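Chains, contacts and geometry: an overview
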Amino acid sequence: MEKFSVVIAGGGSTFTPGIVMMLLDNADRFPLRKLKLYDNDKERQEVLGKALEILMKEQAPEVEFSYTIDPKEAFADIDFCMAHIRVGKYEMREKDEKIPLKHGVAGQETCGPGGLAYGMRSITGMLELIDYMEKYSPDAWMLNYSNPAAIVAEACRILRPDSKVLNICDMPVGTLRRMSQIINKNPKDLDVSYFGLNHFGWWTSVKDKSGKEYIDEIKEYVSQNGYLTQVEVDTQHTDPSWQETHKKAKDLLAVDPRFLPNTYLKYYLYPDYVYENMDCTYTRANEVMDGREKQVFDEARKIIKKGTAKNSGFHIDAHASFIVDLACAIAFNTHERMIMIVENNGAIANFPDDAMVEVPCIVGSDGPEAICQGNIPMFEQALMFQQVTVEKLLVEAYIEKSYQKLWQSFTLSKTIPSAKVAKDILDDLIEANRDYWPELQ
Ligand code: NAD
Ligand code: G6P
Ligand code: MN
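The following paragraphs examine the structure supplied in this document. Bear in mind the structure is a predicted one, so any value in this text is a computation, not a measurement.

Criteria and cut-off values
Residues numbered from 1 in each chain as written. Chains lettered and ligands numbered in written order. Predicted model: local features only at pLDDT ≥ 70, side-chain atom pairs only at ≥ 80, totals over all residues. Heavy atoms only, no water. Buried < 20%, exposed > 50% of the residue type's maximum accessible area, 1.4 Å probe, protein only. Helix = DSSP H or I, 4+ residues; strand = E, 2+ residues; numbered from the N terminus. Pairing = 2+ DSSP bridges. Phe/Tyr/Trp six-rings, centres within 6.5 Å; stacked < 30°, edge-to-face > 60°. Lys NZ or Arg CZ within 6 Å of the ring centre and 35° of its normal. Near = heavy atom within 4 Å. Polar contact = N/O pair within 3.5 Å; in protein donor to acceptor, adjacent residues only side chain to side chain. Areas by Shrake-Rupley, 256 points an atom, 1.4 Å probe, with all protein chains shown as cover. Donors = N, O, S within 2.8 Å, 3.2 Å for Na, K, Ca; no water. Right-handed = clockwise from strand over helix to strand, strands pointing away.

Things to note about the pairing of strand S8 (residues 200–208)
Burial of S8 is extensive: 7 of the 9 residues sit out of reach of the surface. Relative to S8, strand S7 (residues 190–197) runs antiparallel, the two sharing 8 bridges. By the bridge assignment for S8, Asp191 is matched with Lys207. Hairpin connection from S7 to S8: 2 residues lie between these consecutive antiparallel strands, with His199 at a positive phi of about 55°. Pairing of S8 with strand S9 (residues 260–261) involves 2 bridges; the strand directions are antiparallel. What sits directly across from Trp202, in S9, is Pro261.

Here you go:
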């Protein structure tokens, strides 16, 4: 069986140990010959690199493992780049979340004005990674889950249209695991229909392989409990703020009971609720810095000190196995059905061809082929058109260095109440992002 060389870009990410463990767990179907970590932060990379070097020697000595901050070393001789960078790190995520709150506007790392600010930073970092990959391993594929995925995908569509970059999100897979728990099924035995943008979509069908439809049974449950399950099916989305998000899906479903909603719609349909229930002094960035980031780096330091990863607290990021599914689909032409972010080109019939949408696709060695979802109702179409225009205006603003277009992008966001508030937030974010954004005119 062919063996693959993989570089994880954002090798100092809190998700790196979970992805490495998941890759080892899937070595029978996706065997590795080389695994490299790449980050542009030497200190973060060294801590996780040293700890994972110990773990790899113990658990997979046959795989050539290395970590580096040198792009050439990282990107030479690779088949896949799995990318999860955070340009500006947690320091900037905290600002993304807290600056809009000062103006009465809430959001998440991918939603609302903070998500837009993050988008303006991410584009530069992502283009850099793509260019390294194409320079040193022109045949490789990038499986990117660096956020905000919708904006990154639109930037790639315009600025690197021929690049082999696939932008993906774990939320549809994560929510499907919840749905399968609700109906007591295995997620692998279910096929869904779905339409939307990244972090902005709806399920229209959840069927088993015999064609039996379960959506009504799931809706019945969600209308009472949201996506909160009896048994926890996740390791990632479990903090109190996430539990609240899963629960709120109940009120999202009430707005349009025809479809099962993506949890992120709460930022657009209930922004007042989100703001009122937010602690403006302790946001998700604080929760993650004190939680996941601390745990992962403490654990890595412990491994280094002890010189062994036996009984370590690193655990397999099981829900991320969809990344292996995707790598296998490309490597072995499996034609697996997966929800992906792709250029619409008719997949949603009454939506612009050049919009980056999220729909089920059949994935093979040439990449994803979208499955047509037909026409969508006016309510969802209008919401999506507003949001996709926010994203398109932002990418145009980035390319043209246009203050005017970025202000329009913010003004159009359903999370922001007026052009004045949009301008006030934007001006503060420009100040905070001086080291990251292009200078706007
Ligand atoms: P993190 O801050 O712990 O890790 C990100 C790493 O990227 C840092 O070590 C940082 O130094 C590095 N980095 C930043 N800019 C870089 C560049 N230009 N080149 C190389 N490395 C760079 O963040 P995290 O919480 O672990 O999240 C990582 C990313 O994964 C984020 O973008 C997050 O939004 C994303 N994510 C996406 C999904 C999804 O569904 N698409 C799910 C989970 C996480
Ligand atoms: C989900 C989403 C990601 C998002 C993440 C935030 O997995 O699909 O796109 O980045 O949650 O998680 P965090 O724990 O960092 O708030
Ligand atoms: Mn996501």
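Concerning the packing of aromatic side chains
The description of an aromatic ring pair rests on the distance of the ring centres and on the angle between the ring planes. All told, the structure shown has 15 aromatic pairs when counted by the stated rule. Considering the side-chain rings of Phe4 and Phe332, the 5.6 Å spacing of their centres and the 75° angle between planes classify their relative orientation as edge-to-face. In this pair, Phe4 sits in strand S1 (residues 4–9) while Phe332 sits in helix H13 (residues 321–332), placing the two residues 328 residues apart along the sequence. Phe332 sits in the partly exposed class, given a relative accessible area of 32%. For the pair Phe195 and Phe259, a centre-to-centre distance of 5.6 Å together with 90° between the ring planes defines the contact as edge-to-face. Remark: Phe259 occurs in the loop between helix H9 (240–255) and S9 and Phe195 occurs in strand S7; sequence separation between them is 64 residues. Of the two residues examined, Phe195 and Phe259, each falls in the buried class. The ring of Tyr436 carries the charged tip of Arg121 above its face, separated from the ring centre by 6.0 Å.

Here's the deal with the site of ligand 1
Neighbouring residues of ligand 1: 27 residues in total, closest Ser13, Thr14, Asp39, Tyr90 and Tyr118. In this structure, an oxygen atom belonging to ligand 1 sits 2.4 Å away from a side-chain N or O atom of Tyr90. Notes on ligand 1: free accessible area 860 Å², of which the protein chains cover 96%. Every element with two or more residues in the shell around ligand 1 is listed here: helix H4 (89–102) and helix H5 (112–136).

Brief notes about the coordination of the manganese ion (ligand 3)
Protein coordination of the manganese ion (ligand 3) is provided by Cys169 (SG) and His199 (NE2), with donor distances spanning 2.2 to 2.3 Å. Pair noted here: Cys169 is in the loop between strand S6 (165–167) and helix H7 (171–182) and His199 is in the loop between S7 and S8, with a separation of 30 residues, a long-range link. The same class applies to Cys169 and to His199, which are both buried.

Some details on the pairing of S1
With respect to burial, S1 is a largely interior element, 6 of its 6 residues being buried. Burial of S1 is two-sided: the residues Phe4, Val6 and Ile8 facing one way and the residues Ser5, Val7 and Ala9 facing the other way are all buried. The sheet contact formed by S1 and strand S2 (residues 32–38) spans 6 bridges and is parallel. Within S2, the position partnered with Ala9 by the bridge is Tyr38. What joins S1 to S2 is helix H1 (residues 16–25), and the crossover it makes is right-handed.

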